Amino acid sequence: MNLTLGAESREAQFSRSRFEVQSSRFKVRLLFALNPKPLRSGLLITFEGGEGSGKSTQVSLLAERLRSLGRGVTTTREPGGTLIGEEIRHTLKHSKDNAAMQAETELLLMNASRAQLVRELIRPALARGDIVLCDRYYDSTTAYQGYGRQLDLAMVKTIVDVAVGDTRPALTFFFRVPHELSQERLRTRQATLPFIRDRIEEADREFFARVAHGYEAIAAAEPERVKVIDASADVQQMHASIWRSVEPLLK
Ligand SMILES: Nc1ncnc2c1ncn2[C@@H]1O[C@H](COP(=O)(O)OP(=O)(O)OP(=O)(O)O)[C@@H](O)[C@H]1O
Ligand SMILES: [Mg+2]
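Keep in mind the model is a prediction, meaning the values are calculated, not measured. (Residues numbered from 1 in each chain as written. Chains lettered and ligands numbered in written order. Predicted model: local features only at pLDDT ≥ 70, side-chain atom pairs only at ≥ 80, totals over all residues.)

### Quick word on the pairing of strand β4 (residues 171-176)
Selection criterion: Paired strands, as defined in this entry, are two strands with at least two bridges between them according to DSSP. Runs of E in the DSSP output that reach at least two residues are strands. Runs of H or I that reach at least four are helices, and both are numbered from the N terminus.
In this sheet, β4 lies alongside strand β1 (residues 43-49) in parallel orientation, the contact comprising five bridges. Counted as the bridge partner of G49 is F175 from β4. The pairing of β4 with strand β5 (residues 226-230) spans five bridges and is classified as parallel. Counted as the bridge partner of F175 is I229 from β5.

### Let's talk about the site of ligand 1
Definition in use: We call a residue near a molecule or strand when its C-beta atom, built from the backbone, sits within 6 Å of it. Any residue that is not Ala, Val, Leu, Ile, Met, Phe, Trp, Tyr, Cys, Pro, Asp, Glu, Lys or Arg is counted as polar, Gly included; the first ten are nonpolar and the last four charged.
The full set close to ligand 1 counts 13 residues, and G54, S56, T57, R185 and R189 are the nearest of them. Elements supplying a minimum of two residues to the shell around ligand 1: α2 (55-68), α7 (179-191) and α9 (235-246). Taken together, the residues that form the shell around ligand 1 break down as two nonpolar, six polar and five charged.

### Quick look at α9
Note the following rule: By this rule, a helix spans an expected 1.5 Å times one less than how many residues it contains. Two residues qualify as a contact pair if the distance between their C-beta atoms, derived from the backbone, is within 7 Å.
With 12 residues, α9 extends 16 Å from end C-alpha to end C-alpha; this agrees with the ideal 16 Å at 1.5 Å per step. Structurally, α9 contributes buried residues whose contacts are with β1, α2, β4 and β5.

### What to know about the confidence of the model for the protein
The cut-off we apply is this: A score from 0 to 100, pLDDT tells how confident the predictor is in each residue.
Residues with a pLDDT of 70 or more make up 84% of the protein, whose mean pLDDT is 89. Confidence drops under pLDDT 50 across residues 1-8; counting only partners more than four residues distant or on other chains, this segment forms zero contacts.

### Remarks on the sheet that holds β1
Let me state the cut-off plainly: Orientation is described by lines fitted to C-alpha atoms, with helices fitted over the stretch in contact, and by angles between N-to-C directions that extend from 0 to 180 degrees.
If you walk across this open sheet you meet the five strands as β2-β3-β1-β4-β5, and the pairing is parallel. In the strand order of this sheet, the two ends are held by β2 (73-77) and β5, each with one partner. Strand after strand, the sheet turns through a mean of 20 degrees between neighbouring axes, direction not considered. Relative to strand β3 (residues 131-135), β1 runs parallel, the two sharing five bridges. Bridge pairing in β3 places L43 opposite I131. The strands touched by α2 are β1, β2, β3 and β4; relative to β3, the strand with the most contacts, the crossing angle is about 170 degrees.

### Observations regarding the packing of helix α4 (residues 103-127) against helix α5 (residues 138-148)
Rules: We call two directions roughly parallel when the angle between them is under 35 degrees, roughly antiparallel when it is over 145, roughly perpendicular when it lies between 65 and 115, and oblique otherwise.
Relative orientation of the contacting elements α4 and α5 amounts to 175 degrees, with a least axis distance of 11 Å. In terms of axis orientation, α4 runs roughly antiparallel to α5. Note on element contacts: α5 touches α4 through Y138, T141 and Q145, opposite A103, E106, L107, M110, N111 and R114. Class assignment of the residues belonging to the contact of α4 with α5 gives a composition of four nonpolar, three polar and two charged.

### A few points about the packing of α5 against helix α6 (residues 153-164)
This is how it is decided: If you view the pair so one helix is near and one far, a crossing is left-handed when the near helix is turned anticlockwise from the far one by less than a right angle, and right-handed when it is turned clockwise.
At a closest axis distance of 10 Å, the pairing of α5 and α6 adopts a crossing angle of 150 degrees. By the angle between their axes, α5 is roughly antiparallel relative to α6. Every pair of crossing elements has a handedness; the one defined by α5 and α6 is right-handed. Here Y138, T141, T142, Q145 and G146 of α5 come into contact with α6, specifically with L153, V156, V160 and V164. A per-class count over the contact of α5 with α6 returns five nonpolar, four polar and no charged.

### Overview of the nonpolar core
To keep it simple, the criterion reads: The term nonpolar core means buried Ala, Val, Leu, Ile, Met, Phe, Trp, Tyr and Cys residues held together as one set by C-beta atoms within 7 Å. Buried residues are those with 20 or more other C-beta atoms within 10 Å of their own C-beta, exposed residues have 12 or fewer, and partly exposed residues lie in between; C-beta atoms are placed from the backbone.
Grouped together as the largest cluster of nonpolar side chains are 41 residues, with contacts concentrated most on L133 and I229. Aside from chain neighbours lying at most four places away, what touches I229 is F173, F174, F175, R176, M238, S241 and I242.

### Focus on α2
Where we set the bar: The arc under discussion is defined with respect to the helix axis, by the directions toward the C-beta atoms.
Its 14 residues give α2 an end-to-end C-alpha distance of 20 Å, which sits within 8% of 20 Å, the value for a rise of 1.5 Å per residue. Residues of α2 that are buried: K55, Q58, V59, L62 and L66. Summarising the axial view, the buried residues of α2 lie within an arc of 105 degrees, below the 170-degree limit, and thus occupy one face. Summarising the geometry of α2, the exposed residues directed more than 90 degrees from the buried face are E64 and S68. Packing partners of the buried residues in α2 comprise β1, β2, β3, β4 and α9. At the exit of α2 stands G70, carrying a positive phi of roughly 90 degrees.

### Concerning unusual backbone geometry
If a residue is not glycine, its phi is most likely negative; likewise, a peptide bond is most likely trans. Between E78 and P79 the backbone carries a cis peptide bond, its omega angle lying at -20 degrees. Tracing the backbone through its elements, the reader meets P79 in the loop between β2 and α3 (83-94). Even without being a glycine, R136 presents a positive backbone phi close to 80 degrees. Turning to its location among the elements, R136 is positioned in the loop between β3 and α5. On the basis of neighbour count, R136 is assigned to the buried category, with 24 C-beta atoms found within 10 Å. Positive phi outside glycine occurs at Q150, with the angle close to 65 degrees.

Okay, here's the thing in structure tokens:
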């Protein structure tokens with residue numbers, strides 16, 4: 001008898017707790033319905049363009065400026081940005097054993113790194129209200145693996161969709177720079193650093209021309225999201241152009 005009573009009371013407890021959970025979910029929904037803006041809203045901004053176009057330089061400058069205004073900022077890069085992603089980056093770019101890598105393998109590894117980055121770092125940062133600055137994102141895949149490696153663009157898009165879901169940048173900067181100038185900058189940078197081989201930089205001139213064309217196509221297709229920055233300008237001029245697009249997005 002006691003046992004039955006005990007069971008009944010546990011059932012009653014269970015249904016009460018379920019009611020409480022449901023009613024608190026309802027309260028949360030009501031709160032959002034009355035005030036649809038989240039308390040803090042994150043912002044994803046991505047930086048795109050060829051090697052040596054100045055992406056990392058501008059990510060640092062923008063991060064510094066935003067932090068000086070008291071904003072939470074997360075900076076990251078692709079491929080990489082997580083422990084798993086950095087291992088994939090090594091395989092893609094620097095491993096001495098990567099010479100036989102196929103275009104499809106490159107596509108999938110880029111997006112494996114991206115899937116990890118989105119879930120482990122970008123989404124949690126956006127949920128905290130951070131401004132996330134990402135040094136390359138999925139436009140790099142469209143430009144390099146789609147246009148550069150000439151993989152089917154619809155297939156590339158399908159795989160990118162799996163990796164990022166609805167985690168899309170609010171704003172993207174495409175740094176447009178003549179190939180010769182970016183090569184010159186890379187040579188200057190390399191003069192101060194130990195040489196590290198990069199498999200992707202070993203591609204031929206036609207490959208980089210196709211990548212540049214790919215970026216132009218992306219910028220033309222989405223002019224609202226993708227802002228073209230003249231990357232032959234000096235560092236501070238580039239930063240000023242970037243700031244003109246970022247400032248209106250800050251709430
Ligand atoms: N606007 C600029 N004018 C002149 N030099 C620049 C400019 N921006 C960056 N640099 C220099 O050019 C080199 C490449 O810049 P940076 O590393 O920012 O490019 P990146 O796009 O991140 O390159 P990568 O694709 O290889 O990562 C660096 O030595 C940097 O100091
Ligand atoms: Mg860089």
